[in-house]
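Residues per chain are reported as follows:
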Amino acid sequence: MATTGDIRSSAIERIVYPIQELPQVVESAPRSSDYLQHNPQQDSIVIDNGASTIRSGWSSERNPRYSIENITSKYRDRKSNQVVLLAGAECHVDTNSRTNTKSPFEGDVVCNFDQMENTLDYLFYKLGVSSQSIQHPIIMTETLCNPQHSRSLTFELLFECYGAPSVAFGIDSLFSFHHANNSNPVPHGADGLVISSSTANTHVIPVLGGKGILSNAKKFAWGSSQAGEYLLKLMQLKYPTFPGRLLSHQSAAMYRDHSYFSEDYTSSIRTLSDPRKLVDVDRVIQFPFVAPVPDEQNEEHLRLQLEKKKEAGRRLQEQAMRQRLEKLVRQEEEWNVFSELKNAKGQGKKMDYDKRLKAAGFSNFEDLEAYLKKLEKSLQRARNKELGIDDNEGKEPPTFPLINVPDHTLNEEDLKEKRRQRLMKAGYDARVRAKAERDAEKLRVAEEKRKDEEMRRDDFNGWLGGVRKTHEDVMLRIKERKKMKEQLSDRKSLAAQNRMKSIANLASEASGGAKKRKRAEKDDEFGKNDSDWAVYREIGNGDDSDDEEEELQLLKDTEQRLLEFDKTFTINDTSERVAMRKHQLLNAFVRGVSPDDPSDTYDPESVEQNSQLHMNIERIRVPEVIFQPHMGGLDQAGLGEIIGHVLKQFTREEQRRLTSNVFVTGGNTLIPFFDNRLRSTMRPILPVDAPLNIVRAASDLNDAWRGMALWSRSDECRRSLVTQAEYWEYGGDYIKAHGLGNVPTPF
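Residues numbered from 1 in each chain as written. Predicted model: local features only at pLDDT ≥ 70, side-chain atom pairs only at ≥ 80, totals over all residues. Heavy atoms only, no water.

Visitor: Help me out: how do you make sense of the overall build of the protein chain in this one?
Guide: A tally of helices and strands in the protein chain yields 26 helices and 20 strands. Residues counted as buried form 38% of the 747 residues belonging to the protein chain. Sequence-distant contacts in the protein chain: of pairs separated by 6 or more residues, those separated by 24 or more amount to 67%. Accessible area for the protein chain stands at about 44,900 Å²; split by element, carbon and sulfur atoms hold 51% of it. (Helix = DSSP H or I, 4+ residues; strand = E, 2+ residues; numbered from the N terminus. Buried < 20%, exposed > 50% of the residue type's maximum accessible area, 1.4 Å probe, protein only. Contact = heavy atoms within 4.5 Å. Areas by Shrake-Rupley, 256 points an atom, 1.4 Å probe, with all protein chains shown as cover.)

Here's what the structure looks like:
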């Protein structure tokens, strides 16, 4: 496979980005050996259970100890006959692991608890858990408005399968907000508007006094996974014949690495309608391809191949010569035998002679004579070929003596011969006419070429004007033919209606013509003149492929002459370049071709360039869906409308407290210029004097986990833990409310 890391175009400097591939070799994180050193009274196991990444570790540490992709692969290895459990990037190492890879999540909700158990098995094993049950409290994240059924099954898994002493759930974005406000205190730090966009959803949670107001929180189903799938579909529509295969993880990587938010999407689209601007933002994504290997051979190898070819040709010639000689000998033997048979006619009884003819394979004497004539011609041709004599040299034209003889003077055999001679004469005359036409065409072409060359030498300006006029006429005819095809494709156009009228008139004449001919017995002589056949051109469908090919060839020859002799006619004046300039926006969109360099940057025969995807409009179109969900096919309000709806539920003073600390978190908000786009969206819906301060987590990926670790050491966490005894008493639907989690459903 050949891939390109940093390829630069000869005409326009442009970086080519290789597509992301799955790692073939993954180093597994080592298993911890300090499990017994962590005091269950002081340390908790903190698990940030995200739809794309799961992070786990000890609450006493600053960073999670393990951070892996939230997928598992469990299967039985055929060679060792042992069960293999892989998680994270390890699932991509071979075919068996990739085939059995599954995720615990459906959207942003845990639904596949067999996979969830496999993931927890892996994490607890890596953390070094060696006891029969978990001895430490577990703090785990869940999505906003997590279904009660999913939470109860998670309780069941943690309490009954792992024997956890106590468990607490919370919302990841609120944990991130909690960590940010405790790490960098700001005025009204306990108040804020949390905006989170992650893998599978985007939600807005108002926070007052350090507690999330979940009754006013809003959420809609759009995140980085949906954006990646949307980009995948756009690329499939844009390149329907792409030779490679774009996978989901590759489209997600393209979205993550090459997309950005536009502050004003409408204005940006209007700007990118200029092909030059579109090419400026174009990103070239290179897929793997197999480069054609040139056949590099040294002179000695080429000489040996040539000698082998000559030897093979010589052997074939010798074989053909032997076959010709064998055939000639066989024909001469047949000639001698059958000549004796012919001369034996009349020397014996007729019955005996007929038996000899049938034994030789002939039905009668005439059949024998015909075969002897054919055999004589074949022998004569073979002898002439050996002697180097041309068969046609000195050969007189064939004669047909019975053509003009009246039929009543001929017997039955002569009539058959006359019909045969008539057919032979018709074929001979057709060959003579075709040869005469070919000779006349050669003479005409040579004469036209001579006159054209003579006119170019004597009157160059007049000749050049004629060539230009021919070029204009051909271009006009091609344009009219294309216009006619477009009109005929529309049944309501004038051309299509005239065609149908002509067909209807011909049909009416055909239906009434039979009666007239029956009465008058008079032929209308249609087709006698060549102009009569023009009606079929009128009712044709515009598909004159032969004429079109001739005109295209004439256009190509004319442009070649103009390029050679006309200094004012350049390569950019050719029909191909004119068509490319006409479709320069489409060329820039699909192939990244600059209008200033319409053909030199793209080679349609290049395997490398045909294995490239171009991201331009998609770079801002895909991220924009979070603000305009209808672009992605969602019948939901966008992020700006949701924020406006949430803020309307509060007083003016509370709105000021919320907008003074707009906290942004989640992996999908890491797309460049998200903050600028959010500011340009929120400013119009806020009062003129309203503050607007957008802040972001210091570590966007691990901030939620750090907030959980920080919260696990607080008194609120101790009060919010659901113990195993409470689980057995109240069941899996029982949870304790706290400021960073979902509100319990009343019984």
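From this point, the narrative continues.
Visitor: What is the right way to look at the sheet that holds strand β4 (residues 66-69) in this model?
Guide: Two pairing modes exist for strands in a sheet, parallel and antiparallel, and in both the strands are linked by backbone hydrogen bonds. Ordered in space as β4-β3-β2-β10-β11-β20, the 6 strands form an open sheet in which the pairing is mixed. Edge positions in the open sheet fall to β4 and β20 (722-723), since each of these has one partner strand only. In this sheet, strand β3 (residues 53-58) lies alongside strand β2 (residues 45-49) in antiparallel orientation, the contact comprising 5 bridges. Of the residues in β3, the one forming a bridge with Ile45 is Trp58. The strands that helix α4 (residues 172-183) touches are β2, β10 (138-142) and β11 (166-171); relative to β11, the one it contacts most, it runs at about 85°. (Pairing = 2+ DSSP bridges. Axes fitted to C-alpha atoms, helices over the stretch in contact; angles between N-to-C directions.)

Visitor: Just to check I follow, could you spell out the packing of helix α9 (residues 299-343) against helix α10 (residues 350-360) for this structure?
Guide: A pair of packed helices is captured by two measures, namely the crossing angle of their axes and the spacing between those axes. Between α9 and α10, whose axes approach to 11 Å, the crossing angle comes to 160°. As the angle between them shows, α9 and α10 are arranged roughly antiparallel. The way α9 lies across α10 gives a crossing that is left-handed. For the pair α9 and α10, the contacting residues are Phe338, Leu341 and Lys342 in the first and Tyr353, Arg356, Leu357 and Ala360 in the second. Grouping the constituent residues of the contact of α9 with α10 by class yields 5 nonpolar, no polar and 2 charged. (Parallel < 35°, antiparallel > 145°, perpendicular 65-115°, else oblique. Left-handed = near helix turned anticlockwise from the far one by under 90°. Nonpolar A, V, L, I, M, F, W, Y, C, P; charged D, E, K, R; others polar.)

Visitor: Sorry, what's going on with the side chain of Asp703 here?
Guide: Mapped onto the fold, Asp703 is located in helix α24 (residues 703-712). Buried and unpaired, Asp703 has Arg706 as its nearest opposite-charge partner, separated by 5.0 Å. A polar contact is formed between the side chain of Asp703 and the side chain of His179, at a distance of 2.8 Å. The residues touching Asp703, leaving out its near neighbours within four places in the chain, are Phe175, Ser176, His179, Ala180, Phe663, Ala697 and Ala698. (Lys, Arg positive; Asp, Glu negative; His and termini not counted. Salt bridge = Lys/Arg side-chain N within 4 Å of Asp/Glu carboxyl O. Polar contact = N/O pair within 3.5 Å; in protein donor to acceptor, adjacent residues only side chain to side chain.)

Visitor: Explain the packing of aromatic side chains to me, please; I cannot follow it from the model alone.
Guide: The description of two aromatic rings rests on the distance between their centres and on the angle between their planes. Evaluated as defined, the whole model comprises 23 aromatic pairs. Where Phe338 meets Tyr371, the ring centres are 5.7 Å apart and the plane angle is 75°; that geometry is what we call edge-to-face. Of this pair, Phe338 sits in helix α9 while Tyr371 is found in helix α11 (residues 365-387), placing the two residues 33 residues apart along the sequence. Among the aromatic residues, those joined into a ring-pair cluster are Phe155, Phe159, Phe169, Tyr727 and Trp728. When the ring centre of Phe365 is taken as origin, the NZ or CZ atom of Lys345, which lies over that ring, is 3.9 Å away. Above the ring of Phe627, the side-chain terminus of Arg677 is found at 4.4 Å from the ring centroid. (Phe/Tyr/Trp six-rings, centres within 6.5 Å; stacked < 30°, edge-to-face > 60°. Lys NZ or Arg CZ within 6 Å of the ring centre and 35° of its normal.)

Visitor: Honestly, the environment of Ser259 in this entry has me stumped. Any pointers?
Guide: Relative to the helices and strands, Ser259 resides in the loop between α6 (248-258) and α7 (265-271). Considering only alpha carbons, one finds Ser259 and Met615, 356 residues apart in sequence, at a separation of 8.7 Å. At 3.1 Å, the side chain of Ser259 and the backbone oxygen of Tyr255 are in polar contact.

Visitor: Explanation requested: the sheet that holds strand β5 (residues 72-76) in the structure shown.
Guide: Ordered by their spatial adjacency, 3 strands build an open sheet running β6-β5-β7, and the pairing between neighbours is antiparallel. With partners counted over all chains shown, the strands left at the sheet margins are β6 (83-87) and β7 (101-102), one partner each. Bridge count for β5 against β6 is 5 bridges, and the pairing is antiparallel. Along β6, the bridge assignment pairs Arg76 with Val83.

Visitor: I'm lost on the nonpolar core in this one. Help?
Guide: Formed by 55 residues in total, the largest nonpolar core has its most connected members in Leu193, Met254, Leu613, Leu639, Ile643 and Leu678. A total of 6 residues in this core trace back to one element, the largest contributor, which is helix α5 (residues 224-238). Leaving out residues up to four positions away in the same chain, Leu639 has contacts with Ile195, Thr202, Val204, Phe220, Ile626, Phe627, Phe674 and Leu678. Ala87, Leu123, Met140 and Tyr734 belong to the second largest nonpolar core, which has 33 residues in total. (Core = buried A, V, L, I, M, F, W, Y, C linked by side-chain atoms within 4.5 Å.)

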